[in-house]
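So the chains spell out like this:
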Amino acid sequence: MRLSTRGRFAINAMIDLALRDNATPVPLADLALRHHISLSYLEQVFAKLRQHGLVESTRGPGGGYTLGMAAHAITVADIVAAIEGGAKQGAAALQGEGACDPQDMTQDLWNTLHTTLMAHMKTITLSSLSIQQRAKGFKVEERKTGKKGVFAKAKPEPVRTTAPNSVFALAQALRT
């Protein structure tokens, strides 16, 4: 099993979605700005998360991503497994061909570490991580939606001048 920057970004983005769970879908562009991550990189991450059912996408104006299931049902192990290729693949990569190989003398150690790490990550839910962020004082800023649509043109106000409109009014204005 590998823990990479991609996995860290995925966990951060999923916490962000969990914090905004009851709101409208979150566009990836907003996530990219908030977390200073490339939009194309986030698209790759969310493609894997969507394939594993952890997020759902909504297309069109006002679209974006929401959690695919309840935050308390998603664990850090689920996210890492989706991004890094799964726990089964990680365990297979840790298991060697033969136990007698001198390079694999520590294979039991790595297998035990992998099992312990996965067991611990399965105990950490997305809900608990979002509760921790709220306890630290994180406030969800609501996304401001621009008014879109066809509006009637504003009628220009008539021009009102205070200048005299005739020679007689000019003469009277000059006398005063």
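Not measured: the values here are computed from a predicted model.

## Comments concerning the overall build of the protein
In terms of helices and strands, the protein carries eight helices and two strands. Traced from its N-terminal end to its C-terminal end, the protein shows the element sequence α-α-α-β-β-α-α-α-α-α. Residues classed as buried in the protein amount to 28% of the 176 residues present. Accessible surface for the protein amounts to roughly 12600 Å². Of this, 56% is attributable to carbon and sulfur atoms.

## Side note on the nonpolar core
M14, L17, F46, L49, I79 and L126 are the most contacted members of the largest nonpolar core, which totals 34 residues. Elements with a minimum of two residues in this core: helix 1 (5-19), helix 2 (28-35), helix 3 (39-51), strand 2 (64-67), helix 4 (76-84), helix 6 (107-121) and helix 7 (126-135). No other element matches the nine residues that helix 1 contributes to this core. Leave out the neighbours within four places in its chain, and L49 touches M14, L54, V55, I79, A82 and I83.

## Describing helix 6
The end-to-end C-alpha separation of helix 6 is 21 Å, in line with the 21 Å expected for 15 residues at 1.5 Å each. Burial in helix 6 covers these residues: Q107, H114, M118 and M121. Within helix 6, the buried residues cover an arc of 65° as seen down the axis, which keeps them to one side. More than 90 degrees from the buried face of helix 6, the exposed residues found are D108 and T115.

## With respect to the pairing of strand 2
Summarising the sheet, strand 1 (residues 55-58) and strand 2 pair through four bridges and their orientation is antiparallel. Directly across from T58, in strand 2, lies its bridge partner G64.

## Some points on the confidence of the model for the protein
On average, the protein scores 80 in pLDDT, and the residues at 70 or more come to 81%. Note that pLDDT drops below 50 for residues 87-98; the model gives that stretch 18 contacts with residues more than four away or on any other chain.

## A few points about a nonpolar patch on the surface
Where nonpolar side chains cluster on the molecular surface, the patch consists of L109, W110 and L113 and spans about 310 Å² of accessible area. Tracing the chain through its elements places L109 in helix 6. Taking the relative accessible area as the measure of exposure, L109 reaches 45% and is therefore partly exposed.

## Describing the environment of T66
Mapped onto the elements of the fold, T66 is located in strand 2. Considered as a pair, T66 and D21 are 45 residues apart in the sequence and their alpha carbons are 6.8 Å apart. With residues near it in sequence (within four places) discarded, T66 still touches L17, P25, V55 and E56.

## Some details on the packing of aromatic side chains
Applying the stated rule across the entire model yields two aromatic pairs. Taking the centre distance of 5.7 Å and the plane angle of 90° together, the rings of F9 and Y41 count as edge-to-face. With F9 in helix 1 and Y41 in helix 3, this pair connects stretches of sequence that are 32 residues apart. Overall, F9 belongs to the buried group, its relative accessible area being 16%. When the centroid spacing of 4.8 Å and the interplanar angle of 55° are considered together, the rings of F46 and Y65 count as tilted. One end of the pair, F46, is in helix 3; the other, Y65, is in strand 2, and 19 residues separate them in sequence.

## Quick word on the pattern of salt bridges
Evaluation of the coordinates by the stated rule reveals two salt bridges. In this structure, the salt-bridge partner of D16 is R34, at a minimum N-O distance of 3.0 Å. With a gap of 18 residues between them, D16 in helix 1 and R34 in helix 2 connect regions that are remote in the sequence. Given the relative accessible area of 33%, R34 is considered partly exposed. Members of the salt-bridge network, linked through shared partners, are D16, R20 and R34.

So, how was this worked out
Residues numbered from 1 in each chain as written. Predicted model: local features only at pLDDT ≥ 70, side-chain atom pairs only at ≥ 80, totals over all residues. Heavy atoms only, no water. Helix = DSSP H or I, 4+ residues; strand = E, 2+ residues; numbered from the N terminus. Buried < 20%, exposed > 50% of the residue type's maximum accessible area, 1.4 Å probe, protein only. Areas by Shrake-Rupley, 256 points an atom, 1.4 Å probe, with all protein chains shown as cover. Core = buried A, V, L, I, M, F, W, Y, C linked by side-chain atoms within 4.5 Å. Contact = heavy atoms within 4.5 Å. Expected span 1.5 Å × (residues − 1). Arc of directions from axis to C-beta. Pairing = 2+ DSSP bridges. pLDDT = per-residue confidence, 0-100. Patch = residues over 30% accessible without salt bridge, like charges linked within 9 Å, V, L, I, M, F, W, Y side chains within 5 Å. Salt bridge = Lys/Arg side-chain N within 4 Å of Asp/Glu carboxyl O. Phe/Tyr/Trp six-rings, centres within 6.5 Å; stacked < 30°, edge-to-face > 60°.

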